[in-house]
Each structure stands twice: as C-alpha cells, then as structure tokens.
Amino acid sequence: MIKNDLFLRALKGETVERPPVWMMRQAGRYLPEFRALRDKYDFFTRCETPELAAEITVQPIRIVKPDAAILFSDILVVPRAMGIHVELKDNVGPIIPDPIRSMEQVEKVFIPNIEESLGYVMDAIKLTKQMLNDEVPLIGFAGSPWTIFCYAVEGKGSKSYDTAKGFCFSNPVAAHALLQKITDTTILYLKEKVKSGVNAVQIFDSWGGMLSPTDYQEFSWQYINQIVDALAEETEVIVFGKGCWFALNEMSKSKVSALGVDWTCSARNARYLTGGNITLQGNFDPSRLLSPIPTIKKMAHEMIDEFGKDKYIVNLGHGILPNIPVDHAKAFVEAVKEYNQ
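Everything numeric in this text was worked out from a predicted model, so none of it was measured. (Residues numbered from 1 in each chain as written. Predicted model: local features only at pLDDT ≥ 70, side-chain atom pairs only at ≥ 80, totals over all residues. Heavy atoms only, no water.)

Visitor: Describe the overall build of the protein, and please don't skip the residues or the numbers.
Guide: Helix and strand content of the protein: 15 helices and 9 strands. Against the compact-globule benchmark of 20 Å for 341 residues, the protein has a radius of gyration of 19 Å, which places it among compact chains. Principal-axis analysis of the C-alpha atoms gives the protein an extent of 60 × 45 × 35 Å. Put simply, of all contacts in the protein between residues at least 6 apart along the chain, 74% involve residues at least 24 apart. Approximately 13,900 Å² of the protein is accessible, and the part contributed by carbon and sulfur atoms is 49%. (Helix = DSSP H or I, 4+ residues; strand = E, 2+ residues; numbered from the N terminus. Rg over C-alpha atoms; globule rule 2.2 N^0.38 Å. Contact = heavy atoms within 4.5 Å. Areas by Shrake-Rupley, 256 points an atom, 1.4 Å probe, with all protein chains shown as cover.)

The following block contains the structure:
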C-alpha cells in the first residue's frame with residue numbers, strides 16, 4: 001500500500017536497510033512556506049481548516065523529504081473540544097483565561113462527541129491522505145493527559161508547572177477526575193483518527209519530566225498506559241516523554257510500538273533501560289541543527305551507530321526550532337538516507 005513503509009517496518013521491529021527519519025514539528029515555523037500561511041491565517045484557523053492543515057502537513061514531505069508525515073494540528077484542540085476555553089496570544093503562546101482550580105470546574109468539563117467537535121481533524125486526515133498518495137505514512141498525535149492537564153490548570157506555559165502539581169497534591173480527587181476525562185476523550189479522539197486513515201499515533205508527554213518518578217506513575221503514566229492499551233490493537237503507538245528517561249523501563253513493559261527519547265538520555269542508557277527489545281526514536285538535540293552541515297551529517301551517522309540501524313527511528317530529541325535553516329534540516333534527513341553500515 002504505502003510506497004515508503006520504512007517507518008512502519010521500524011515500528012514493527014523489522015530488519016531495515018536503514019532507519020527511517022522524521023522530525024517533530026517538521027510542519028512548522030522553520031519553513032518559509034509555513035510562515036507565508038501563518039501570516040495570512042491565525043493559528044486555530046489553520047488547525048480547523050482541513051485544506052490548510054493538509055497543505056501544511058505535506059509541505060515538509062515536498063521540501064525536506066522525511067520518511068513520514070505528521071498531521072498539522074495542536075494538542076490543545078482536545079481541551080477546546082471538552083469545553084475548556086483556549087486562546088493563543090502572540091509571543092506568549094496558549095492561554096486558558098479561566099484555569100481549572102476546583103472540583104466544581106472539573107465537573108463542567110465534558111467528554112465531547114468527537115465527530116461534532118473534532119470532525120475538522122478527521123477531514124484534514126482524509127484530505128492529507130489523498131495529497132500524500134500513499135508515498136509515506138501519516139502519523140496522528142495527541143498530548144498526554146498530564147500535559148493537557150498542565151495547561152488546563154496552570155492557564156499558560158510554565159517553567160515548572162508548580163500550580164498544576166500543587167492541584168494534584170492538594171486536591172487529588174479532582175485532579176484524577178480531570179485526568180480521567182482527558183484520557184477518555186483522547187482515546188475516542190485517537191481511535192477516530194485511526195478510522196480516518198492515520199498509520200500510527202504518537203502521544204506527546206511534554207511536561208512529564210516535571211514530575212518525580214513516583215508522581216509520574218500516578219499522574220501521568222497510568223493514564224498514558226490506558227491510551228496505549230486502548231489503541232495497541234488498532235495501530236502502532238509511540239510515546240514520547242520529554243525528560244522521562246526514569247520511566248523508560250516501566251514504559252517498555254507496555255504495549256507501545258516505540259518510545260521517544262530526548263537528547264539528555266544516551267542511546268546506550270535508553271537501550272539498557274528498555275531491555276534492548278523495543279524500537280526507540282530520537283534523540284538529536286534540535287539546537288545541533290545549527291551546527292555546520294558536515295558536523296550535522298557526521299553526528300547523525302554517529303547517532304545511528306550508537307542506537308543501531310534496526311528498531312530505531314531517527315528523530316530530534318524535541319521539536320525542530322523556528323530558527324533552523326531549511327538546508328540544515330534537509331542535511332539531517334539526507335544524512336540518514338545516505339547511511340550505510
């Protein structure tokens with residue numbers, strides 16, 4: 001079916017001629033073509049207009065030529081569908097003007113009808129699949145329940161998410177009720193994405209590293225694992241927890257197809273912690289794409305040598321930065337394609 005199925009084969013742990021490569025946030029601000037659309041349409045218009053979302057998804061496939069596409073959307077479409085008002089402020093990021101701080105507010109949050117509230121995402125998937133024409137697989141994604149919870153409770157981005165953590169520790173019943181609602185919604189949302197045509201899904205736990213290992217089990221991993229269990233029979237599931245190296249061993253015992261690793265965890269440690277049997281994804285430091293092109297290529301080859309070419313997906317350790325020259329992003333992808341042991 002899919003002409004370049006390297007990414008899917010690596011997810012299944014099959015032997016491959018070279019590892020596949022894609023980049024988190026590859027459909028984004030480093031591309032002039034993306035910036036042109038950003039200047040014309042506001043953020044949620046781009047997310048909610050299937051033609052725009054599909055075009056943005058396919059841009060990096062044309063320009064940078066990775067082995068997989070990831071649907072252009074945002075993790076905050078989920079809380080918006082649940083009745084949590086989200087605004088996007090220039091130079092600030094997402095803002096939730098009325099953050100959730102009580103059980104009374106948690107009770108007002110609802111599990112939505114996915115087709116009614118997020119049908120535009122499914123339309124974008126179908127349109128993107130047509131545009132991709134089975135050249136490469138399409139990845140769908142969602143934020144982890146804990147990461148969505150952080151925004152909902154904190155009300156904005158934070159360096160430490162102390163307010164969100166404080167809510168968990170001072171009002172655990174309300175915190176768990178909200179986390180469960182987000183989890184239930186995310187399962188419905190991702191299942192609908194699979195029905196609409198995505199070939200794999202990734203769960204982004206961007207703020208998991210803010211929790212201690214014990215608290216991570218209680219407030220993040222147990223909810224991610226519910227999603228993994230619900231989706232594993234239907235599609236390949238990748239979990240990426242930034243700063244969550246301490247949970248890799250526990251994660252590897254789940255039904256995930258692959259685990260993402262950030263640049264603070266070496267390939268050797270990641271393989272050791274996960275028992276060496278699971279596909280790993282990562283972990284080039286996004287800032288390293290500012291290095292000279294020969295250095296990028298050399299480091300990419302060294303990274304593949306360290307992880308090994310099988311059960312490995314080349315990626316960054318977090319999203320690509322907006323100031324990365326397009327030629328450097330291309331060089332990173334080309335380096336992987338040129339790799340031979």
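Read on, since the account is not over.
Visitor: Tell me about helix α15 (residues 326–337), and name the residues and values.
Guide: With 12 residues, α15 should reach 16 Å at 1.5 Å per residue; the first-to-last C-alpha distance of 17 Å fits that figure. Listing the buried residues of α15 in full gives Val326, His328, Ala329, Ala331, Phe332, Val333, Ala335 and Val336. Where the residues of α15 are buried, they touch α2 (32–40), α4 (50–63), β8 (279–284), α14 (293–307) and β9 (312–316). (Expected span 1.5 Å × (residues − 1). Buried < 20%, exposed > 50% of the residue type's maximum accessible area, 1.4 Å probe, protein only.)

Visitor: Quick rundown of the pattern of salt bridges? Include the residues and the values.
Guide: Within this structure, the stated rule accounts for 15 salt bridges. Linking lysine 297 and glutamate 334 is a salt bridge whose minimum nitrogen-to-oxygen distance equals 3.7 Å. Of the two residues, lysine 297 is situated in helix α14 and glutamate 334 in helix α15; the sequence distance between them amounts to 37 residues. For glutamate 334, a relative accessible area of 38% gives the class partly exposed. Note that lysine 298 is salt-bridged to glutamate 302, the shortest N-O span being 2.9 Å. Within this pair, lysine 298 and its partner glutamate 302 are both found in helix α14, separated by 4 residues, close to a single helical turn. You can call glutamate 302 partly exposed: its relative accessible area is 34%. (Salt bridge = Lys/Arg side-chain N within 4 Å of Asp/Glu carboxyl O.)

Visitor: Kindly report on the packing of aromatic side chains, identifying the contributing residues and their values.
Guide: Within a pair of aromatic rings, the relevant descriptors are the distance that separates the centres and the angle that separates the planes. For the coordinates displayed, the defined rule picks out 15 aromatic pairs. Relative to phenylalanine 72, the ring of phenylalanine 43 has its centre 6.2 Å away and its plane inclined at 70°; by these criteria the two rings are edge-to-face. With phenylalanine 43 in helix α3 (residues 43–48) and phenylalanine 72 in the loop between β1 (69–70) and α5 (77–81), the pair connects residues that are 29 residues apart, well separated along the chain. Across the pair, exposure class does not vary: phenylalanine 43 and phenylalanine 72 are buried alike. Summarising the aromatic geometry, the rings of phenylalanine 169 and phenylalanine 219 are spaced 5.9 Å apart at their centres and angled 65° between planes, so their arrangement reads as edge-to-face. Of this pair, phenylalanine 169 sits in helix α9 (residues 162–170) while phenylalanine 219 sits in helix α11 (residues 213–231); the two residues are 50 residues apart in sequence, bridging distant segments of the chain. For phenylalanine 219, a relative accessible area of 2% puts it in the buried group. An aromatic cluster is defined as three or more aromatic residues linked by ring pairs; in this entry it consists of Phe34, Phe43, Phe44 and Phe72. A cation sits over an aromatic face here: arginine 80 above phenylalanine 44, 3.7 Å from the ring centre. Its guanidinium or amino end placed over the ring of phenylalanine 141, lysine 193 lies 4.9 Å from that ring's centre, counting from NZ or CZ. (Phe/Tyr/Trp six-rings, centres within 6.5 Å; stacked < 30°, edge-to-face > 60°. Lys NZ or Arg CZ within 6 Å of the ring centre and 35° of its normal.)

Visitor: Kindly report on the sheet that holds β1, identifying the contributing residues and their values.
Guide: The strands making up a sheet are joined through hydrogen bonds of the backbone, oriented either antiparallel or parallel. The sheet built from 7 strands is open, its strands ordered β1-β4-β5-β6-β7-β8-β9 with parallel pairing. In the strand order of this sheet, the two ends are held by β1 and β9, each with one partner. Pairing analysis gives 5 bridges linking β8 to β9, with the strands arranged parallel. Of the residues in β9, the one forming a bridge with leucine 280 is tyrosine 312. (Pairing = 2+ DSSP bridges.)

Visitor: Could you give an account of the packing of α9 against helix α10 (residues 172–196), naming the residues involved and the relevant values?
Guide: One can describe the packing of α9 onto α10 by two numbers: an axis separation of 5 Å at closest approach and a directional angle of 115°. Here α9 lies roughly perpendicular to α10, going by the angle between them. Contacts between α9 and α10 involve Phe167, Cys168, Phe169 and Ser170 from the former and Pro172, Ala174 and Ala175 from the latter. Its residues assigned to classes, the contact of α9 with α10 shows 6 nonpolar, 1 polar and no charged. (Axes fitted to C-alpha atoms, helices over the stretch in contact; angles between N-to-C directions. Parallel < 35°, antiparallel > 145°, perpendicular 65-115°, else oblique. Nonpolar A, V, L, I, M, F, W, Y, C, P; charged D, E, K, R; others polar.)

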